[in-house]
Structure formats: structure tokens, C-alpha cells
Amino acid sequence: MTIVKDRPVPPAEAPRRRPNRALALLRNSWRQLTSMRTALILLFLLAVAAIPGSVLPQRGVNAEKVDQYFVDHPELAPKLDRIGAFEVFGSVWFSAIYLLLFASLIGCILPRLRDHVRALRTKPPAAPKRLNRLPQHAVRTGVATDAEAVAAELRRRRWRVVVRGTEVSAEKGYLKETGNLLFHTSLIAVLIGVALGSWYGWHGNKLLVAGDDKAFCNTRQQYAEAKLGPQVDSADLPPFCLTLNHFDARFLPSGQPEFYRATVDVEEDGRASRTETFSVNSPLRLGDANVYLLGHGYAPVLRYTDRYGKTQTNDFPFLTSGDATLTSEGVAAFPDVNVDPKTGKRDSNLQVAFEGLYLPTAPQQAPFTRSEFPTEGNPAVVLVAYRGNLGMDAGIPGSVYELDQRQVTNGKLKQVGDKKLAMGEKWTLDDGSVLEFVGTKPYITLSVRHDPGSTLLLGSSAVLLVGLMGSLFGRRRRVWFRVTPAGSGEAADPADGSPTSGSSLVEAGGLPRTDYPGFADEFAQLVAAVSGNGEPGERAGESRDARGPAGTREGAE
Amino acid sequence: MSALSDQLVTFAILAYLVAMICHAVEYALGNARAVAPPARELVGAGVGGAGGPVDAPAAPVAPPARVGRSAERARLAGLVAVWITVLAAALHLAATVTRGIAADRMPWGNMYEFVLTVSFIGTAAWLGVLWKRPTLRRLGLFLTLVMVLLLAFAELKLFVEVVPLMPALRSYWFIVHVSTISFSSGIFLLGAVPAIAFLIRNGYEQGKRGFPYTLAKRLPAAAGLERLTFTLHAFAFPVFTFAVIAGAIWAEAAWGRPWGWDPKETWAFISWVVYAGYLHARATPSVRRNVATWLAILGFLTMLMNLFGVNFFFTGLHSYAGVN
Ligand code: HEM
């Protein structure tokens, strides 16, 4: 028999089985992915994967530190770079983990959402036959009540109630699952908010020196560094211009800053120019961009008179090095000087630059390496003069805050003296040219940003929090009451005693559907309330689970 | 005022130390009891921890008079320990408040003050728990030990003079963010105590008699410890979530981006993910409770890493700790 049956089957089944296997594999892997265990492992992986992001310097946080790391570890750094260790949070592996996690999340939410909607629409189920099998059980005799009255009391306590004849079924705590779903869904909304921000957002950093001639307008070219999302074009940047009028900073005697405030003139398209002030915790919010005050410093104003007597004056922002006294470093380059008036030709070997420190409050005596206070008590520059080829024509973009050291090492740029200059002092160099320290101007560093995902982020975070509370503190539970009118003689369980005349016998059962140590108390209260606080016919709360292995509050004691 | 605060901290440390010794005495006296067969001992420890009249039937094997006296003494030591903890908490609170008055702001401006506040919240929450569940008293040994270590570390390593806030911290978000972070950290800190106790006790109940497990002889039953661990974490987690969100809102105003993977943000993220993992693992029946509890302890380690590790080893935007 088996032979007869088996023979024709294999050729027919073989082609059918193959797609089935693929499908089964797919279904199984989906099941695997959406299982809680996988989600837990992915969560854990996500946490582990984030660690290198705090241990190694990150480009998005501090690009200079990454460069420094390359200098310090020339062997290791390129290898790390190849696996994305300096951009952990944008790396393939980090993204893979969270995308898998979110896929798992969606796979988890959808069926639960369906079940929950179904549960919300179905009525609490009919009472089990033997209520005394439930974790909570009580019987009261001699209670003057009926099913409707019990149901009313339960409704008053915001239970969902169904009356079936003499039986009352009630359920409460749907909020737990609702909260749970809200929480998980809002996680996805948070991710979408982040994605929106990175696709459609942009930001740039700018150092803005005080003065009308230094006005900054919001175009791509004016930023020292800018990053536009893939969906943003340079032409999309909203047009506005800022001029720094004023910068106030106050410091404590210890040198610790007390407050900063910048006053700017704002010009926006089609609007009258206006003055605004902003500070560290209150950014300047302009329609499609926010302007944040990140830092501040001083730009010494230097006047150079070259060997032919021609004068140039400029301000050079010196960068602070994180030192609380605002000791700053920088370079003042004069590439277009020493142009022979006779020939009108620029000699690129006669370019001049001054590199060194600016000290807002220089000490009275040498060494002049560190300022004593962040305000300008005794401003001085300590400079080293260089003459030669600055290397600016080579086409390699150099920093305006540093000399091109290659030019110094290959001898094209030579040191020609050093000096400390107080404000107003002049310094005559070996070739008769003169440098004068004229004064300083304040500057501020700004971050200008537009993040279209931020509203969604904020909203979904709020929902997340609400959902989380519902999920953690909600408790789903069911109770049933069976009210047997006196004299009817059909008590649900014959073991539960006989009804006394003129009143009803109430039998109650309760089932916590989630971990809920206080359920016994709530159940006892309910039973008491339903039986009108009458004399208890029997002790309520014969809890079976309370002493089970899971343990409850009572079990612990 | 600032000097007063410093003195109060020292007194608080001393008081915690005395409380710890009293707890240890209670422990020792409890252990001096007759050696009962394991099954008996199990029941005795689970119930007898109450320290109340239930103590008596716990060890019927030993001569009743001797046991009664030593149990009574243990109970007394335990009660004294609790009252000294209350005193220590009062000193601790006074130290924190006077520090705030001296600085004329909330006492959360640097790591020293932050540790002072977090640990106070831990103690206060502990006393709250103890009020409702006196049977857990023996956990006080661990708690006071943690307090002594934390406060001594703060006083020796983190101490800075009172200074006003950096401009970046002058925002009402400072109060919202740091108070909720401190609060949730305090509860997580407290939550780690029953978590560790549970792991030891659980091993003990499963018959392990190696080194850490024997310590658990006098601890309350494992199931209760586990539940307390969960309750504390379930309470602290939403608060911590809120604090991180508040931090993000503040970061948007102060630094221009809600989230930038600054080391402190990264570690907050890690802690959040680990604690979320704990809550999920605990809700999953197939994951054993001791595995889940290990996750809670891991979460606490990441919080410690954030508090101490990040402030010492990395520089980020969160450089307000006042340690160099
Ligand atoms: C996404 C944003 C933020 C996150 C996730 C975050 C997270 C944290 C965490 C986890 C702590 C715990 C304390 C610790 O372990 O040391 C903390 C403390 C603190 N945060 Fe934030 N924070 C954020 C934004 C901010 C902002 C914008 C500021 C101020 C400008 C700030 C100021 C502080 C201060 C002063 C402390 C306490 C002192 C300290 O220990 O450093 N936070 N933050």
C-alpha cells in the first residue's frame, strides 16, 4: 500500500516543496526576527555598538580630535576609519542593528495591534464554570443585591462590564496594552523624526566678528563648514543677514563666566531690519533657521606698514584654546604686502605673517604665555614674525588660523623676530616695516541650524513617555460575579454553602492577566463593595497564586 | 555655610558607618543562631527576617532561651541601625541643602554636588521602602556600605569649592533635567541593592553554598527581592526617560541639536537601552529572572560609567563636573 501511494507522489510534490521551503524559511526567519529574544539581543548589541562612539573621537562631534587621533596612532587610525569607527552612529553596522531592531519592532507591533483592537471590541468573556479555581475567589451569602446592581457598581469603578443572566463579567486595564503599543509606535516615530532631520535639515558654523563690514549672510559660501541634508540644495537656504553689534560677557573674580549675550542686527527678506539679543540657552529663532551662540573670543586689529610705506589694517580672530582665561592663538597673515610701487609686482617671497598669542589680561612680567583673566585688563599680543612665501598660492586650502608649517620646514618662510605688544605699541621689523597693535574686536561663534524633524521628535517623545507609563503601570485583570437569588437553589457550586432566605448568594472570581501583586487587595475591596460592605459571609481573598513561585508582595513576607 | 555643609557631609559619612556596623552586628548575631537543616533554615530566613515576633518559631531546633536572647539582640541592633540611618539621612539632607544655600542655587552644579544629591535620594527612597516593607531591613547593610563608599569618594576625589553656575547651566531646564536625572539615578542606585541581594539569595535558595551565597542566609526570600528590584526599576525608568528627553530639549536650546552623541549622551543612551532590555526581559516568561536581574545590574554599571567614567576619561560638552 505504501509503495503504491508513494510512487506517484514524489514527482508531483518535489516542485511544490521547493517554494514552500523558501517560504517556510522566510516565515521562520521573520518569526525569529520578531521574537522577543531576538529583539533583546538586538537591543543589547545596540548598546554595545554605541560604546566605541564614546571611547573614540567622532567626526560628527569633534573632527579635530579625529585628526589628532590620526596623528597619534598612524597605524591604527586608518584601519579603524575603514570600519567606520570614527562615525559609529552613521556606520553600516550600527545602522544595520537599529534597522533590524525596528523591523523586529514593527513585526511585533502589527499583530499585537490587531489583537488589541480585537480585544477592545470583544466583550469580557463568560465566567468559567468553577470560579473557585481562579487565583482569587470569594463567596458571600445573605447579600441584598442582583446582577444589575453588581454591574452598576463595577461600571462606577470603570470596569468594562457584560451581564449575562445572573452572571457579570468585567475586565479592566486595557490601558496597559494601549500604552505599550503607543510606546513602541512612538519609537518608530522618533526614528522618522531623526530621518526627516537628516534628510531635510542643514547646519553650518560661522565665526562672526563685530562690525558692519563683517555682516554674515546665510549662503553656503559664507560658512566655514556647512552640512546640507541630501534633500537640501544650497538655494534652499533661507536668506537673512546678521551683523554683530555688541557682545557682553561678565565674569566672576575667579574667571568663571557668569553670562554671555550677543546683540545682532537681523535683516530678513521683506522685513525691516531689527535688533535682537540672544545667549547660550536662548537661541535666536528665525523662521526657518535657529542661530545658537556657541562661543566667543577676541580678534586683534593689526596694522602693518610695509617697507614701501603702504599700510594695511585688518582684524584677525584668534581662537581660544578652551582655556578659561581666553588665552587665544592665531595668525595674522599679510600676503599682499611689499608690492614694489615701481613695478607693481608682488614678490611672493616677501609675504609677511605674525603668529602667536593674544592675552586679554597679560601678566606684568614674562613669561607671556597665559592670560590672567578673560576680560581685557591688559591686552597684549605675543607674536613671532615670519617673512617669505606663505604657501597660499599653491592652491591647497590652508587654515586661516594657522601657518602652513610645511613652508617653515622647507625654509621658504623664515622667522624674523618676536615681540610682545601692548595695545597701541609699534614694532619695527628688521626691514623697516612696522606692525602696530591697534585694538581688538569681539567675535562670536555661531551654529545655524534647521531641523524639520524636531517637532515630530518632541511630539513622539511625549507620546513615548505617556505610553511608557501606561505600559508599566497599567494592569489588566478580569473578575466575574455570579449572583444566585435566594431560594432558587441552584448555587453554582454546591460546595459553597446554601443561600439564606431573603437574600442572594454572591460568588466572585478574579484573574490578574498581568503581574499584579495588589490584585488580592483590589479584589477583596471589590467584593466588599459589591456586597454592600455587609458582614462578610466568608473571608475573601483565598489567593492561590500568592504563595506560588512567582511570589507576590505577600509571598515575600 | 559652605564649611558647615562640608562638616555635615563628614558627619553623615560617620553616621552611615555606624549604621553599617549596627547592621553588621545584626547580621552576625543572626548567623550565630543554631545551625538548622537547610529546609528549616529556608523558612526561618524567609519569615524570620521580619525581626518581629515571628522570629521566635523560626529556629525551634536550638535551645529556645539562647536563641531568643540573641535574636532579640539582633533585632535591637537592626532597629538601631535603621534609626542611625535616619539620622545620617537627615545630616545628608542638611549637607545638601546648606551647600545649595551657600551656592545660592540648586546643589547640582558639579559632580560633587550631583553625587551628594543622588545618594541622598537613594537613602530617602530606601527609608521609604523600609517603612512599607520592614522585612527588608537586612538589605540596609548593603545600602549603608554603598553610601559610605560613595560619599567618601565624593569628599576625597570630587570635592570642589562652591561656585556659581556656568552660563550654559543657567536655564530652568537645569532644574528639570538634573533633578530628574538625580532622582532616577538615586532610585536605580537603590534598585541595584535588592538586585544583587536577589542574585545571591537566589543562588542560596537553589542550594549553592559557596562564598557569596552563604551571605544570603539571613536575607529575605528571593521572590520578594526580585519583585522589589522590578518595582524600583519600573518606577525609575520613566523618570529617567523623561530626564533624557528634557536633556534633549535643553541641548536643542543650548547647543543647537537635541542629540549629538556627546559621550554623556551616548552613555545615557546605553543605560536607557540596557534598562529597557531589563524591563523587556523581565516581561518575557522564557527569560529566567536571574538573567533579567543581571541586566539590571549591568544597567547600573552603565550609569556609574556615565557618572564617573565619562566625567574622568572623556571630554564632552557635559564638562561641568569640576574635575580635571
Ligand atoms: C540629549 C541631551 C542630554 C542627555 C542625554 C543628558 C544626559 C545626562 C545624564 C545621563 C546625566 C547624568 C549625570 C551623570 O551621570 O553624570 C546628566 C547630567 C547633567 N547634565 Fe545632561 N544630558 C543632556 C543635555 C544636557 C544639557 C543641554 C546640559 C546643559 C547645558 C546638561 C547638563 C547636565 C548637568 C549639569 C548634569 C549634572 C552634572 C554632571 O554630572 O555633569 N545636560 N545629563
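A.B. asks: Mind laying out the overall build of chain B, listing which residues take part and the relevant values?
C.D. replies: Across its full length, chain B holds 10 helices and zero strands. Moving toward the C terminus, one meets the helices and strands of chain B in the order α-α-α-α-α-α-α-α-α-α. Each of the 324 residues in chain B was classed as buried or not, and the buried ones make up 62%. In chain B, once contacts between residues fewer than 6 apart in sequence are set aside, the share between residues at least 24 apart is 80%. Summed over all atoms, the accessible surface of chain B reaches about 12800 Å², with 74% contributed by carbon and sulfur.

A.B. asks: So what's going on with the sheet that holds strand β3 (residues 167-172) of chain A? Which residues, and what values?
C.D. replies: Residues and elements named next belong to chain A. Pairing within the open sheet is antiparallel, and its five strands lie in the order β1-β21-β20-β3-β2. Whereas interior strands pair on both sides, the edge strands pair on one side only; in this sheet they are β1 (136-143) and β2 (160-164). Taking each pair of neighbouring strands and ignoring which way they run, the sheet shows an average axis angle of 15°. Relative to strand β21 (residues 504-512), strand β20 (residues 477-484) runs antiparallel, the two sharing eight bridges.

A.B. asks: Help me get a handle on a nonpolar patch on the surface, residues and values and all.
C.D. replies: Residue and element names in this part refer to chain B. The grouping of M1, L4, L93, V97 and I101 at the surface amounts to a nonpolar patch, some 440 Å² of accessible area in total. Tallying contributions element by element places helix α3 (residues 64-103) first for the nonpolar patch, with three residues. With respect to the secondary-structure elements, V97 resides in helix α3.

A.B. asks: So what's going on with the packing of aromatic side chains? Which residues, and what values?
C.D. replies: Tallied over the full model, the rule gives 24 aromatic pairs over all chains. Plain terms: the ring middles of F183(A) and W272(B) are 6.4 Å apart, the flat faces sit at 45° to each other, and that makes the pair tilted. With F183(A) in helix α8 (residues 175-200) and W272(B) in helix α9 (residues 263-283), this pair bridges two chains. Taking the centre distance of 5.7 Å and the plane angle of 80° together, the rings of W259(B) and W261(B) count as edge-to-face. Look at W259(B) and you get partly exposed, because its relative accessible area is 31%. Following the ring pairs from residue to residue traces out a cluster consisting of F89(A), F94(A), Y98(A), W259(B), W261(B) and F269(B).

A.B. asks: I'd like to hear about the environment of N290(A), residue by residue, with values.
C.D. replies: By the element assignment, N290(A) lies in strand β11 (residues 289-305). The exposure class assigned to N290(A) is buried, which follows from its relative accessible area of 17%. Leaving out residues up to four positions away in the same chain, N290(A) has contacts with L284(A), R285(A), S447(A), V448(A), R449(A) and E252(B). Within the structure, the side chain of N290(A) is placed 3.3 Å from the side chain of Y292(A), a separation counted as a polar contact.

A.B. asks: I'd like to hear about the pattern of salt bridges, residue by residue, with values.
C.D. replies: All names here are of chain A. Scanning the entire structure with this criterion turns up 30 salt bridges over all chains. With a shortest N-O distance of 3.9 Å, E507 and R482 are connected by a salt bridge. Placement of E507 in strand β21 and of R482 in strand β20 is noted, with a sequence separation of 25 residues between them. E507 gets classed as buried once you look at its relative accessible area, which sits at 2%. Salt bridges sharing common partners tie together E171, R476, R478 and R513.

A.B. asks: Tell me about the state of the cysteines, and please be specific about residues and values.
C.D. replies: Residue and element names in this part refer to chain A. Throughout the structure, instances matching the rule amount to one disulfide over all chains. Note on cysteine connectivity: C217 is disulfide-linked to C241, with sulfurs 1.9 Å apart. Judged by the sign of its S-S torsion, about 105°, the cystine formed by C217 and C241 is right-handed. Residue C217 is found in strand β5 (residues 216-217), and its partner C241 is found in strand β7 (residues 240-251); the two are separated by 24 residues along the sequence. Its relative accessible area of 24% is what places C217 among the partly exposed residues.

A.B. asks: A description of the interface of chain A and chain B should follow, citing residues and the corresponding values.
C.D. replies: Taken together, the contact between chain A and chain B spans 51 residues of the former and 55 residues of the latter. Both sides together, the interface formed by chain A and chain B hides about 4200 Å², and carbon and sulfur atoms give 68% of it. Taken together, chain A and chain B are joined by one salt bridge. Here E252(B) ties to R285(A) by a salt bridge, and the two come within 2.9 Å at their closest N and O atoms. Applying the counting rule to chain A against chain B returns six residue pairs in polar contact (both at pLDDT 80 or more).

A.B. asks: Account for the packing of helix α10 (residues 454-473) of chain A against helix α8 (residues 222-255) of chain B, with residues named and values stated.
C.D. replies: Relative orientation of the contacting elements α10(A) and α8(B) amounts to 175°, with a least axis distance of 10 Å. When the axis of α10(A) is compared with that of α8(B), the two are roughly antiparallel. The segment α10(A) lies against α8(B), with L458(A), S461(A), L464(A), L465(A), L468(A), M469(A), L472(A) and F473(A) engaging A234(B), F235(B), F237(B), P238(B), T241(B), F242(B), I245(B) and I249(B). Partitioned by chemical class, the residues of the contact of α10(A) with α8(B) number 14 nonpolar, two polar and no charged.

A.B. asks: Run through the environment of S531(A), naming residues and quoting values.
C.D. replies: All names here are of chain A. The residue S531 is located in the loop between α11 (519-530) and α12 (553-556) in this model. Relative accessible area serves as the criterion here: at 7%, S531 is assigned to the buried category. Sequence separation between S531 and A144 is 387 residues; the distance between their C-alpha atoms is 7.4 Å. Residues within four places of S531 in sequence aside, it is in contact with R140 and V143.

A.B. asks: Can you break down the domain arrangement of chain B residue by residue, with the values?
C.D. replies: Residue and element names in this part refer to chain B. When cut into domains, chain B gives domain 1 (1-33 + 68-164) and domain 2 (166-324). Taken together, the contact pairs 34 residues of domain 1 with 35 residues of domain 2. Roughly 2900 Å² of surface becomes buried between domain 1 and domain 2 when both sides are summed, with 79% attributable to carbon and sulfur atoms. Three residues stand out in domain 1 for area buried against domain 2, namely W108, M111 and L139, and they jointly supply 21% of the buried area on that side. Taken together, the links from domain 1 to domain 2 amount to zero salt bridges. For the side of domain 1 that touches domain 2, the elements supplying multiple residues, two or more each, are α1 (2-31), α4 (111-132) and α5 (140-158). It is α4 that contributes the most residues to the side of domain 1 that touches domain 2, 11 residues altogether. Taken together, the residues of the side of domain 1 that touches domain 2 sort by class into 22 nonpolar, eight polar and four charged.

A.B. asks: Break down the nonpolar core for me, with residues and values.
C.D. replies: Core analysis: the largest hydrophobic core is formed by 119 residues, its most contacted members being F94(A), L139(B), F237(B) and F240(B). For this core, the two domains that each supply at least three residues are domain 1 (1-33 + 68-164) and domain 2 (166-324) of chain B.

A.B. asks: Summarise the sheet that holds strand β13 (residues 319-320) of chain A; cite the residues concerned and give the values.
C.D. replies: Residues and elements named next belong to chain A. With antiparallel pairing, five strands are arranged side by side in an open sheet as β13-β14-β15-β16-β17. With one partner strand each, in any of the chains shown, β13 and β17 (413-422) form the two edges of the open sheet. Strand direction decides the pairing type here: strand β14 (residues 328-334) and strand β15 (residues 351-359), joined by seven bridges, are antiparallel. When the sheet's bridge partners are listed, S328 is paired in β15 with Y358.

A.B. asks: Give a description of the confidence of the model for chain B that names residues and reports values.
C.D. replies: Residue and element names in this part refer to chain B. With 82% of its residues at a pLDDT of 70 or more, chain B shows a mean pLDDT of 79. Across residues 32-64, confidence stays below pLDDT 50; counting only partners more than four residues off in sequence or on other chains, it has 39 contacts. In the predicted complex, the global pTM is 0.76; the interface-specific ipTM is 0.75.

Cut-offs applied
- Residues numbered from 1 in each chain as written.
- Chains lettered and ligands numbered in written order.
- Predicted model: local features only at pLDDT ≥ 70, side-chain atom pairs only at ≥ 80, totals over all residues.
- Heavy atoms only, no water.
- Helix = DSSP H or I, 4+ residues; strand = E, 2+ residues; numbered from the N terminus.
- Buried < 20%, exposed > 50% of the residue type's maximum accessible area, 1.4 Å probe, protein only.
- Contact = heavy atoms within 4.5 Å.
- Areas by Shrake-Rupley, 256 points an atom, 1.4 Å probe, with all protein chains shown as cover.
- Pairing = 2+ DSSP bridges.
- Axes fitted to C-alpha atoms, helices over the stretch in contact; angles between N-to-C directions.
- Patch = residues over 30% accessible without salt bridge, like charges linked within 9 Å, V, L, I, M, F, W, Y side chains within 5 Å.
- Salt bridge = Lys/Arg side-chain N within 4 Å of Asp/Glu carboxyl O.
- Phe/Tyr/Trp six-rings, centres within 6.5 Å; stacked < 30°, edge-to-face > 60°.
- Polar contact = N/O pair within 3.5 Å; in protein donor to acceptor, adjacent residues only side chain to side chain.
- Disulfide = S-S within 2.5 Å.
- Buried area = accessible area lost by both parts, 1.4 Å probe.
- Parallel < 35°, antiparallel > 145°, perpendicular 65-115°, else oblique.
- Nonpolar A, V, L, I, M, F, W, Y, C, P; charged D, E, K, R; others polar.
- Domains from an automatic or database assignment.
- Core = buried A, V, L, I, M, F, W, Y, C linked by side-chain atoms within 4.5 Å.
- pLDDT = per-residue confidence, 0-100.

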